[in-house]
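Now for the letters of each chain:
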Amino acid sequence: MSASATTVVAANSVHCRSASTLFHLCNVRRTCRCSQQPLVVLFRNQSSSLRYRINPVRAMAETGTLFKAKESRSIGGNSQALISLSDKRDLALLGSGLQGLGYTIVSTGGTASALEEAGVSVTKVEELTHFPEMLDGRVKTLHPTIHGGILARRDQKHHIEALTQHGIGTFDVVVVNLYPFYDKVSSAGGITFEDGIENIDIGGPAMIRAAAKNHKDVLVVVDSNDYLALLQFLKGNQDDQQFRRKLAWKAFQHVASYDSAVSEWLWKQTEGDKFPPSFTVPLLLKSSLRYGENPHQKAAFYVDKSLSEVNAGGIATAIQHHGKEMSYNNYLDADAAWNCVSEFKNPTCVIVKHTNPCGVASRDDIHEAYRLAVKADPVSAFGGIVAFNIEVDEALAKEIREFRSPTDGETRMFYEIVVAPKYSQRGLEILRGKSKTLRILEARKNEKGKLSLRQVGGGWLAQDSDDLSPQDIQFNAVSERKPQENEISDAEFAWCCVKHVKSNAIVIAKNNCMLGMGSGQPNRLESLRIALRKAGEDVKGAALASDAFFPFAWKDAVEEACESGIGVIAEPGGSIRDGDAIDCCNKYGVSLLFTNVRHFRH
C-alpha cells in the first residue's frame, strides 16, 4: 500500500444500536437503527428568522434566461419537505406524518407516485423547476431551484435576497436514499458493467451532501428507521445543534459508504489489483463490547461490509444460537479456532486457547477426534474454544456435554465457545443445557483469497491471507532416508497445524493427531522443548513441523528432535546451515522434508 493511504474512522452515536464506521484504506453503505430515544432526526432551527414559500420557477426561455417567480415564501408559509427515495419502505408513514404537520411535500418520479397512491398530496419536482426529467432519469434534481433551496443559509441576508430575486424557496426537510448499488453489484446473479454504471446515484448524493452541509437549517434523513424519530422531533418543535450534527454525520457517512462501494467495484472492473493506491474498508458496528482485551479498555465489534466480503464466510458473520454475549477475546479465539479447523477436509476437532491450537485431531469418528484433541493438552483445553468442521448432532453434543477431563476422569470439560458449520435441532438443545453461558456459534468457512489487514501505529499492513494447503506445495525429501507414506501424511497434518501457531512454532503430530506444540518463544529451541515435553513418549516416530527454518542443527533444535525419536521433520529450508540439518538427520536416520514455504505468525 502506498504511503498516501490514510485511515479515517467515523465515530458512532451513542444513540445508535448499530452504526457504520469507515476506514479510508474499501467501502459500503449501511444504515443504523435508532433506539427509543431518537438518534438521527431532522428538525427546523427555531432561530431562523425567514422562511419562504417555494413557488414554481417560470419555464426556462428559449434564450436560456431564468425568469423570476412571482411570489416567494413568507414566514407564515408552509414548511417544505423534499423526498426522493429508492427504498420506499414506510414512505406512507413519513408522507402522511409530514403532511399532518403542515408540510408541503415535493418529490420525484416513483416516490411522488407512491405518495399519491398513499393519499398524500405531492408537488412534483418538475413543477418547481419547469424542467422535465431527462437523460433516462440521470437529471432530475440537479437544478438551482432544488439546490438553492437546500443550501441557502437562513442567517445570511444576501442568500435570502438571492432566493427572492430568483423566486426560489427553502426546503426544511430533505429525505433521500440512494440507488441500491451495493445490493445490485453483490447479487448472486451478478451485474453487467453497464448496469452497474447506471446504478450509480448522482442526484441523490448531491442532495444529501447539500442538506448535511446546511444542517443548521435543513434536516436530512437517509434511513427509514429514523422516520418516527423525525416526526416526533418535529412535533416537539425543538432545536438542538448537536442533534443536527448527528444527522449530518449520518448523512455524510451514508454517502461516503456508498461512494466507497462504487470505488471498490470500479477498481475491480479496471485494474483489479488487490493493492490499489488507496481504498476504503467500510465497517458496520455489530455490537458494543463490555471491554477489550482487558477491563480497562473500551471496545466494539465491527463487521466488514466490503463487497469482497459478501457471502465470504468467517466468524464476523457467524450466528450465535445461545450463550453469553461475545467478548473481545472470544472473537479472537473463535476466529483462530474456526480458521484452523477449516483447514482440514476429514472430520476434525480443534481446541484453542489464547488463539493457539492446543489440540487438533482428525478421525472418521468425530467423537474420537474430539477426545484426542482434548487429550493433547487437557489443562489448556479447559476453558478454551472447541471447533468442529462437521455438523454437531445429538450424539456429539452429548459427548461435549458429558466428557470428563483426562487429568482426573471426573471434571466435566468446560468451554467458552463451541463453533461448527451447523447443528441438528437436538444437538442445539443438548448444548444449551450444558451451560447458560456457553456460546454456540454457527459459521461459514472463509473463502480463499481474502485480503488480510493489520494495524500498526499510524498505518496498516495488507497482505494475502495464508491460504496454502499441503496440496499446493511439495514436500521434498532432502535426507538419505525417505519418508514412508504414513510419515508424509503425518508431516502434512503437522504442517497444517503449525501455520496456526504463533511463532516461533513447533508442532509434533502422529496419526492425524497433534501430540504437542510449542508457541510464541523468542527462540525455536525453546518452542521445540515445550512441544517435546507435551508429546511425551508418543514422540517416537512422530512428525515434526516448524514454521520456519532451523538456523542451527548440531547441539540445537534439529539434533534434539532427532535424539528424542522424531521420525520425520518438515521445515521450509533456506538457512545457510541447511547442510548441517541434512547431515544431522542423516546421522540419526531421520527423514527431512523441505517445503520452501514459511508460516510465520506474529
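Conventions we followed
Residues numbered from 1 in each chain as written. Predicted model: local features only at pLDDT ≥ 70, side-chain atom pairs only at ≥ 80, totals over all residues. Heavy atoms only, no water. UniProt positions renumbered as here; feature names shortened; annotations may be inferred. Helix = DSSP H or I, 4+ residues; strand = E, 2+ residues; numbered from the N terminus. Buried < 20%, exposed > 50% of the residue type's maximum accessible area, 1.4 Å probe, protein only. Areas by Shrake-Rupley, 256 points an atom, 1.4 Å probe, with all protein chains shown as cover. Contact = heavy atoms within 4.5 Å. Arc of directions from axis to C-beta. Phe/Tyr/Trp six-rings, centres within 6.5 Å; stacked < 30°, edge-to-face > 60°. Salt bridge = Lys/Arg side-chain N within 4 Å of Asp/Glu carboxyl O. Polar contact = N/O pair within 3.5 Å; in protein donor to acceptor, adjacent residues only side chain to side chain. Axes fitted to C-alpha atoms, helices over the stretch in contact; angles between N-to-C directions. Parallel < 35°, antiparallel > 145°, perpendicular 65-115°, else oblique. Nonpolar A, V, L, I, M, F, W, Y, C, P; charged D, E, K, R; others polar. Left-handed = near helix turned anticlockwise from the far one by under 90°. Patch = residues over 30% accessible without salt bridge, like charges linked within 9 Å, V, L, I, M, F, W, Y side chains within 5 Å. Core = buried A, V, L, I, M, F, W, Y, C linked by side-chain atoms within 4.5 Å. Pairing = 2+ DSSP bridges.

For the protein, an unreviewed UniProt entry supplies the name MGS-like domain-containing protein and the organism Protea cynaroides. Its UniProt record gives the protein a comment under Sequence similarities (unreviewed entry), which states: "Belongs to the PurH family."

What follows is about the overall build of the protein. A count of helices and strands for the protein gives 19 helices and 22 strands. Looking at the protein as a whole, 51% of its 602 residues qualify as buried. For the protein, the computed accessible surface area is about 27,300 Å², with 49% contributed by carbon and sulfur atoms.

Turning our attention to the environment of S452. Assignment of secondary structure puts S452 in strand 15 (residues 451-456). In this structure S452 touches L461, A462, Q463, D464 and S465, once residues within four positions along its chain are discounted.

This part takes up helix 19 (residues 578-588). D578, A581, I582, C584 and C585 are the residues of helix 19 that are buried. For helix 19, the arc enclosing every buried residue in end-on projection is 165°, short of the 170-degree limit, so these residues lie on one face. Buried residues along helix 19 sit against helix 18 (557-564), strand 21 (568-571) and strand 22 (591-594).

A few words on the environment of V221. When you line up the elements, V221 lands in strand 6 (residues 219-221). In this structure the C-alpha to C-alpha distance between V221 and V176, which are 45 residues apart in sequence, comes to 6.4 Å.

It is worth spelling out the packing of aromatic side chains at this point. Under the criterion given, the structure shown has 11 aromatic pairs. Ring geometry for F301 and Y331: centres 3.8 Å apart, planes at 15°, overall stacked. Here F301 is found in strand 8 (residues 299-304), whereas its partner Y331 is found in helix 11 (residues 328-341), with 30 residues between them in sequence. This pair shows no difference in class: F301 is buried, exactly as Y331 is. Summarising the aromatic geometry, the rings of F344 and F493 are spaced 5.2 Å apart at their centres and angled 40° between planes, so their arrangement reads as tilted. Here F344 is found in the loop between helix 11 and strand 10 (348-353), whereas its partner F493 is found in helix 16 (residues 485-498), with 149 residues between them in sequence. Under the relative-accessibility criterion, F493 is labelled buried at 4%. Here the aromatic residues F181, F193, Y258 and W265 are joined through ring pairs into a cluster of three or more.

Taken as a whole, this structure holds 27 salt bridges when the rule is applied. The residue E343 makes a salt bridge to K499 at a minimum N-O spacing of 2.8 Å. Of this pair, E343 sits in the loop between helix 11 and strand 10 while K499 sits in the loop between helix 16 and strand 18 (506-510), placing them 156 residues apart in sequence. Across the pair R481 and E487 runs a salt bridge whose closest N-O atoms are separated by 2.9 Å. Judged by relative accessible area, R481 falls into the partly exposed class, the value being 31%. The network of salt bridges with common partners includes E394, K398, R426 and E429.

Glancing now at the environment of S435. Positionally, S435 belongs in the loop between helix 15 (425-434) and strand 14 (439-442). A C-alpha to C-alpha distance of 9.3 Å links S435 and Y415, two positions 20 residues apart in sequence. A distance of 3.4 Å separates a polar atom in the side chain of S435 from the backbone nitrogen of L438.

The interhelical angle for the contact between helix 4 (residues 144-151) and helix 8 (residues 203-213), taken along N-to-C directions, is 25°, at an axis separation of 8 Å. In terms of orientation, helix 4 and helix 8 fall into the roughly parallel class. Each of I146, H147, I150 and L151 in helix 4 lies in contact with helix 8, whose residues at this interface are A206, M207, A210, A211 and K213. For the contact of helix 4 with helix 8, the per-class residue count stands at seven nonpolar, one polar and one charged.

Okay, the packing of helix 14 (residues 394-402) against helix 15 next. It is the contact of helix 14 with helix 15, at a shortest axis distance of 7 Å, that shows an interaxial angle of 10°. Taken as axis vectors, helix 14 and helix 15 run roughly parallel relative to one another. Crossing handedness for the pair helix 14 and helix 15: right-handed. Contacts between helix 14 and helix 15 involve E394, A397, K398, I400 and R401 on the former and, on the latter, R426, G427, I430, L431 and K434. Taken together, the residues of the contact of helix 14 with helix 15 sort by class into four nonpolar, one polar and five charged.

Together, F131, M134 and L135 give the surface a local cluster of nonpolar side chains, amounting to about 260 Å² of exposed area. Judged by its relative accessible area of 35%, F131 falls in the partly exposed class.

With that out of the way, let us pick up unusual backbone geometry. Following S503, the chain continues to N504 via a peptide bond in cis, the omega torsion being -10°. Here N504 is to be found in the loop between helix 16 and strand 18. Residues other than glycine seldom take positive phi values, yet D90 does so here, at roughly 60°. Here D90 shows up in the loop between strand 2 (80-84) and helix 1 (91-100). Overall, the relative accessible area of 44% leaves D90 in the partly exposed class. One non-glycine residue, N596, lies in positive phi territory at about 60°. With respect to the secondary-structure elements, N596 resides in the segment after strand 22.

Counting 45 residues, the largest nonpolar core has I315, F344, V360, V419, L441, C497 and V507 as the members making the most contacts within it. Listed in part, the 30 residues of the second largest apolar core include I150, V176, A251 and W265.

Quick look at the sheet that holds strand 6 now. With parallel pairing, five strands are arranged side by side in an open sheet as 4-3-2-5-6. In this open sheet, the two strands that pair with only one neighbour each are strand 4 (123-124) and strand 6. Pairing analysis gives four bridges linking strand 2 to strand 3 (residues 104-107), with the strands arranged parallel. The residue of strand 3 that forms the bridge with A81 is I105. Along the sheet, helix 9 (residues 227-236) makes contact with strand 5 (173-176) and strand 6, crossing strand 6 at roughly 160°.

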